Amino acid sequence: MTWLAFLAVALVILLAGRQVAFYGDVLSEKTGLGRTFMGLFLVGITTSLPELFNVTSAALQGLPDIAVGNLLGASMVNFLLLTVLDAVHPRPLTVRASQGHALSLGLVVLLLAVAGLGLLAERGLGRVGWFALGLFPLYLLALWLSFRYARRFPHDEVLEEEAYAQIPLRSALGRYLLGAGVLVGAAVLLPDLAEALARETGLGQAWVGTFLVGLVTTLPEATVTLAAARLGAVDLALGNVVGSVMFNSFLLSYADVLAPGPLLIQVGGSHLLSVLVLLGMAGTVLTGLMYQSLRKLWVLAYDSWAIVALYLLAASLPLVR
């Protein structure tokens, strides 16, 4: 019965995700901000709201490892989604995407580096930590710089002229919000269903917390990313992935405020491997984006194979928590 409920919720997320992707693409045209920024900001935050609810619950219950592990694990799955986008098209993903993503990827590296420093050398400032607190203004700076870039280079992406001229802005925004509400409402149910599946199947709680919950909470990102790719909106899809990773990094600061003490001190350096893998993934995508290789090795580009290898490395090496 739990499996049926899980599949039903997943189907709702699939349908709502298609609506979010479509009207997110419409809004990128109507606002003039482009697919890159719209995916990075509006769609990226929308699809990451399940992580927000899950982290809130974990932090308030005094479960810092679950909170940090879910955010870092979900970010790794987000990068892994790029390999799926790469596999379904004959040309490498980084060739089809705008190089404007280089800015946001560089900002992701900065956010992850601060998180990694916090895991190594966090210092308490009352109930919060210095490095975790620093992630909040850095996230706001990242959004501001991305917005400025979108305004300075509005024609960085090649979009079809007035592709959605028949859809009014107010209608597009209303339908986007409706789809987003259904998407988030359904996605909030996923972690509880995953926990029930863990009890019924006998899988270990540690494995479920690190990988299964991380996978199910990124189902909205996967749905919207694939739907955007089917629309030909590659920059919206890539922006959604990078924006979700950026928002997850900000949530470390949010969880630090909710936790009874400095969050990164409580978990220590046990999650440093995940941060290092995420830095490697971000650097790999950035390299592929700038190098623009036209070749693939079987079904994936070389940078996609590197992302797969990094994810398998993180999954196979034991995490000391």
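As the structure is a prediction and not an experimental result, all values here were calculated from the model. (Residues numbered from 1 in each chain as written. Predicted model: local features only at pLDDT ≥ 70, side-chain atom pairs only at ≥ 80, totals over all residues. Heavy atoms only, no water.)

1. Some remarks on the overall build of the protein
Stated formally: Helix numbering and strand numbering both begin at the N terminus, where a helix is a DSSP run of H or I of at least 4 residues and a strand a DSSP run of E of at least 2. Working definition: with a 1.4 Å probe on protein chains only, accessible area under 20% of the residue-type maximum means buried, over 50% means exposed, and in between means partly exposed. The contact criterion used is simple: two residues touch if any of their non-hydrogen atoms lie within 4.5 Å. Accessible areas in this description were obtained via Shrake-Rupley with a 1.4 Å probe; residue shielding takes into account the shown protein chains only.
In terms of helices and strands, the protein carries 15 helices and two strands. In the protein, buried positions account for 54% of the 321 residues. Of all intrachain contacts in the protein linking residues separated by at least 6 positions in sequence, the fraction that spans at least 24 positions is 83%. Carbon and sulfur atoms make up 69% of the accessible area of the protein, which totals about 14,100 Å².

2. Regarding the packing of helix H6 (residues 101-121) against helix H12 (residues 234-258)
The condition is simple: Fitting a line to C-alpha atoms yields each axis, with helices limited to the stretch in contact; the angle taken between N-to-C directions then spans 0 to 180 degrees. Note that the term roughly parallel is reserved for angles under 35 degrees, roughly antiparallel for angles over 145, roughly perpendicular for angles of 65 to 115, and oblique for everything else. Crossings are sorted by hand: turned counterclockwise from the far helix by less than a right angle, the near helix makes the crossing left-handed, and turned clockwise it makes it right-handed. Under the scheme applied, nonpolar residues are Ala, Val, Leu, Ile, Met, Phe, Trp, Tyr, Cys and Pro; charged residues are Asp, Glu, Lys and Arg; polar residues are all the others, including Gly.
The interhelical angle for the contact between H6 and H12, taken along N-to-C directions, is 20°, at an axis separation of 10 Å. Judged by the angle between their axes, H6 and H12 are roughly parallel. As H6 runs across H12, the sense of the crossing is left-handed. Contacts between H6 and H12 involve His101, Ser104, Leu105, Leu107, Val108, Leu111, Leu112 and Ala115 on the former and, on the latter, Asp235, Leu238, Gly239, Val242, Val245, Met246, Ser249 and Leu252. Of the residues that constitute the contact of H6 with H12, the class distribution is 11 nonpolar, four polar and one charged.

3. Side note on the nonpolar core
What counts, and what does not: In this description, a nonpolar core means a group of buried Ala, Val, Leu, Ile, Met, Phe, Trp, Tyr and Cys residues linked to one another through side-chain atoms lying within 4.5 Å.
Membership of the largest hydrophobic core comes to 84 residues, with the highest contact counts inside it found for Phe79, Leu82, Met246 and Met281. With residues up to four places along the chain from it excluded, the contact list for Phe79 reads Leu105, Val241, Val245, Leu278, Met281, Ala282, Val285 and Ile307.

4. Observations concerning the environment of Leu317
On the secondary structure map, Leu317 appears in the segment after helix H15 (302-316). Sequence-wise, Leu317 and Leu273 are 44 residues apart; in three dimensions their C-alpha atoms are separated by 9.0 Å.

5. Things to note about the packing of aromatic side chains
Keep this limit in mind: Stacked, tilted and edge-to-face are the three classes applied to pairs of Phe, Tyr and Trp rings, where Trp contributes its six-membered ring and a pair requires centres within 6.5 Å; stacked means planes under 30 degrees apart, edge-to-face means over 60, and tilted covers the rest.
Scanning the entire structure with this criterion turns up five aromatic pairs. Their ring planes at 85° and their centres at 4.9 Å tell us that Phe22 and Tyr23 sit as a pair that is edge-to-face. Residue Phe22 is classed as partly exposed on the basis of its relative accessible area, which comes to 25%. What makes Tyr23 buried here is its relative accessible area of 10%. Here the aromatic cluster, defined as three or more aromatic residues joined through ring pairs, consists of Phe136, Tyr139, Phe247 and Phe250.

6. A few points about the environment of Pro220
Tracing the sequence through the fold places Pro220 in helix H11 (residues 219-230). Taking the relative accessible area as the measure of exposure, Pro220 reaches 0% and is therefore buried. Put simply, Pro220 and Ala180 are 40 residues apart on the chain and 9.7 Å apart in space, counted from C-alpha to C-alpha. Excluding residues that lie within four positions of it along the chain, Pro220 makes contacts with Ile13, Thr47, Pro50, Leu183 and Ala187.

7. Regarding the environment of Asn240
Mapped onto the secondary structure, Asn240 falls in helix H12. The contact partners of Asn240, leaving out residues within four places of it in the chain, are Gly39, Leu40, Val43, Gly44, Thr47, Glu221, Val224 and Thr225.

By themselves, these figures tell us nothing about what the structure is for.
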